[in-house]
Amino acid sequence: MFKIIDGKKLAHEMRMDIKKKIEEYKSESGKEIGLAVVLVGEDPASQVYVRNKIRACEEVGIKSFAYYLDKDTAQSRVEELIRSLSVDNKINGILVQLPLPSQLDAKRILELIPFSKDVDGFSAENIGKLAMNEPCLVACTPNGVMKMLESENIGISGKSAVVIGRSNIVGKPMAMLLTNANATVTLCHSKTKNLKEICAGADIIVAALGKAKFVTEDMVKEGAVVIDVGMDRDENGKLCGDVDFENVKAKCSYITPVPGGVGPMTITMLMYNTYLSATRS
Ligand code: NAP
């Protein structure tokens, strides 16, 4: 019998816990916690993400500072803003909503965020610390996956785990987190040979490749844990994940749905990182 890991419920519980911690921090220190959110342009999906992040801040008691810049904003203007936020004591976390318009050099902009305020966990310093299993701000989506596994007391040590997708924001940090938790990890990508066979031998599969319903029943071992990071559209334009949920679920011990799985955890972990960033500084 499989169990569906309810990301929506877990995210809500975690937000309530973070809210309580933030209230305690504020009353003990007399300080506020601030998150700067920078949005350049009018990409509709980015606008929704930014709105959701601001709403989550309100929910947990973080002060949000939103900066909406015109799509034609010059590189120097964005850099100037990030520099000023970097030294602003009211700001504990800086988030630049991606993707940025094409005239901007995203790498250079992100590199200006000091690692102590890098609440997305994308900086080379935070990724390097994660690789060395040292305390750091961990990328929100893979960290949310770890919290989901923990919430169900799913043992990771000694298990074989397969991560499909090697992006810097999901796949690679996911593989590092699982490695740090003593799993034996295979990190797969578009050039991987025998992907089906590799997946079929795994105790834990994390699908993060961005291809609708890619992971099929024949790729999953009986009793495996299947975590679906994907946010895709099926043939009818309906939101779905990288896993063929309906056909795969019966083989799993645990599985996450889309929507309502990993997605809600990501913003929650952003709130958590902002709290950590404030209390560590
Ligand atoms: P990405 O940057 O496009 O990376 C995709 C990765 O998947 C790449 O490493 C690519 O391999 C690999 N890949 C593509 N096709 C493959 C195939 N047929 N077989 C094996 N590997 C394949 O994507 P991302 O930003 O990591 O996002 C992945 C998915 O997660 C997307 O659906 C995205 O929407 C979703 N996502 C969800 C959340 C959330 O909060 N739930 C957050 C972030 C992302 P190569 O490196 O060889 O090209």
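About the criteria used
Residues numbered from 1 in each chain as written. Predicted model: local features only at pLDDT ≥ 70, side-chain atom pairs only at ≥ 80, totals over all residues. Heavy atoms only, no water. Helix = DSSP H or I, 4+ residues; strand = E, 2+ residues; numbered from the N terminus. Rg over C-alpha atoms; globule rule 2.2 N^0.38 Å. Buried < 20%, exposed > 50% of the residue type's maximum accessible area, 1.4 Å probe, protein only. Contact = heavy atoms within 4.5 Å. Areas by Shrake-Rupley, 256 points an atom, 1.4 Å probe, with all protein chains shown as cover. Lys, Arg positive; Asp, Glu negative; His and termini not counted. Charge placed at Lys NZ, Arg CZ, Asp CG, Glu CD. Core = buried A, V, L, I, M, F, W, Y, C linked by side-chain atoms within 4.5 Å. Pairing = 2+ DSSP bridges. Axes fitted to C-alpha atoms, helices over the stretch in contact; angles between N-to-C directions. Near = heavy atom within 4 Å. Polar contact = N/O pair within 3.5 Å; in protein donor to acceptor, adjacent residues only side chain to side chain. Nonpolar A, V, L, I, M, F, W, Y, C, P; charged D, E, K, R; others polar. Salt bridge = Lys/Arg side-chain N within 4 Å of Asp/Glu carboxyl O. Expected span 1.5 Å × (residues − 1).

A tally of helices and strands in the protein yields 10 helices and 11 strands. The C-alpha radius of gyration of the protein comes to 19 Å, within 12% of the 19 Å expected for a compact globule of 281 residues. Burial analysis of the protein (281 residues in total) assigns 48% to the buried set. Put simply, of all contacts in the protein between residues at least 6 apart along the chain, 69% involve residues at least 24 apart. Of the accessible surface of the protein, which amounts to about 13600 Å², a share of 52% is contributed by carbon and sulfur atoms. Once the 36 positive and 36 negative side-chain charges of the protein are each reduced to a mean point, those two points are 1 Å apart.

Turning to the nonpolar core, a few remarks are in order. Counting 52 residues, the largest nonpolar core has Leu35, Ile62, Leu149, Leu178, Val206, Ile227 and Met271 as the members making the most contacts within it. Here this core gets eight residues from one element, more than from any other, and that element is helix H10 (residues 262-280). Apart from residues lying up to four places away in sequence, methionine 271 is in contact with Ile18, Leu35, Lys53, Ala56, Cys57, Val60 and Ile62. Of all hydrophobic cores here, the second largest spans 18 residues; its members include Val162, Leu195, Val215 and Met219.

Strand pairing in a sheet takes place through backbone hydrogen bonds and is either antiparallel or parallel in direction. Taken together, the three strands give an open sheet; going across it, the order is E3-E2-E4, and neighbouring strands pair in parallel fashion. Each end of this open sheet is capped by a strand with a single partner; those strands are strand E3 (63-69) and strand E4 (93-96). Strand-to-strand twist across the sheet, computed as the mean angle between neighbouring axes with direction ignored, equals 15°. Here seven bridges tie strand E2 (residues 34-40) to E3, and the two strands are oriented parallel to one another. Each bridged residue has a counterpart across the sheet, and for valine 37 the counterpart in E3 is alanine 66. Contacting E2, E3 and E4, helix H3 (residues 75-86) runs over the sheet at an angle of about 165° to E3.

Of all residues adjacent to the ligand, which total 21 residues, the nearest are Arg166, Ser167, Ser190, Met231 and Thr266. The backbone of valine 229 places a nitrogen or oxygen atom 3.5 Å from a nitrogen atom of the ligand. At 2.7 Å, a side-chain N or O of threonine 266 approaches an oxygen atom of the ligand. In the complex, 70% of the free accessible area of the ligand, which totals 930 Å², lies under the protein chains. Along the lines of polarity and charge, the residues of the shell around the ligand split into nine nonpolar, nine polar and three charged.

Under the criterion given, the structure shown has 14 salt bridges. A salt bridge links arginine 15 to glutamate 59; its shortest N-O distance comes to 3.2 Å. Of the two residues, arginine 15 is situated in helix H1 (residues 7-29) and glutamate 59 in helix H2 (residues 44-60); the sequence distance between them amounts to 44 residues. Judged by its relative accessible area of 13%, arginine 15 is buried. A residue is classified by how much of its surface remains accessible, and glutamate 59, at 30% relative accessible area, is partly exposed. Here lysine 26 ties to glutamate 32 by a salt bridge, and the two come within 3.5 Å at their closest N and O atoms. Taken together, the shared-partner salt bridges in this structure form one network comprising Glu79, Arg83 and Arg108.

Spanning 12 residues, helix H6 (residues 140-151) covers 16 Å between terminal C-alpha atoms, matching the ideal 16 Å at 1.5 Å per step. Residues of H6 that are buried include every one of Cys140, Thr141, Pro142, Asn143, Gly144, Val145, Met146, Met148 and Leu149, and no others. Its buried side turned inward, H6 meets H1, helix H7 (171-180), strand E8 (224-228) and H10.

Here we take up the sheet that holds strand E7 (residues 204-207). Reading across the sheet, the six strands line up as E1-E11-E8-E7-E5-E6 and stay open at both edges, with parallel pairing between neighbours. The open sheet has two edge strands, strand E1 (3-4) and strand E6 (184-188), and neither has a second partner. Direction of pairing for strand E5 (residues 160-164) relative to E6: parallel, over a ladder of five bridges. Paired with isoleucine 164 across the two strands is cysteine 188, which belongs to E6.

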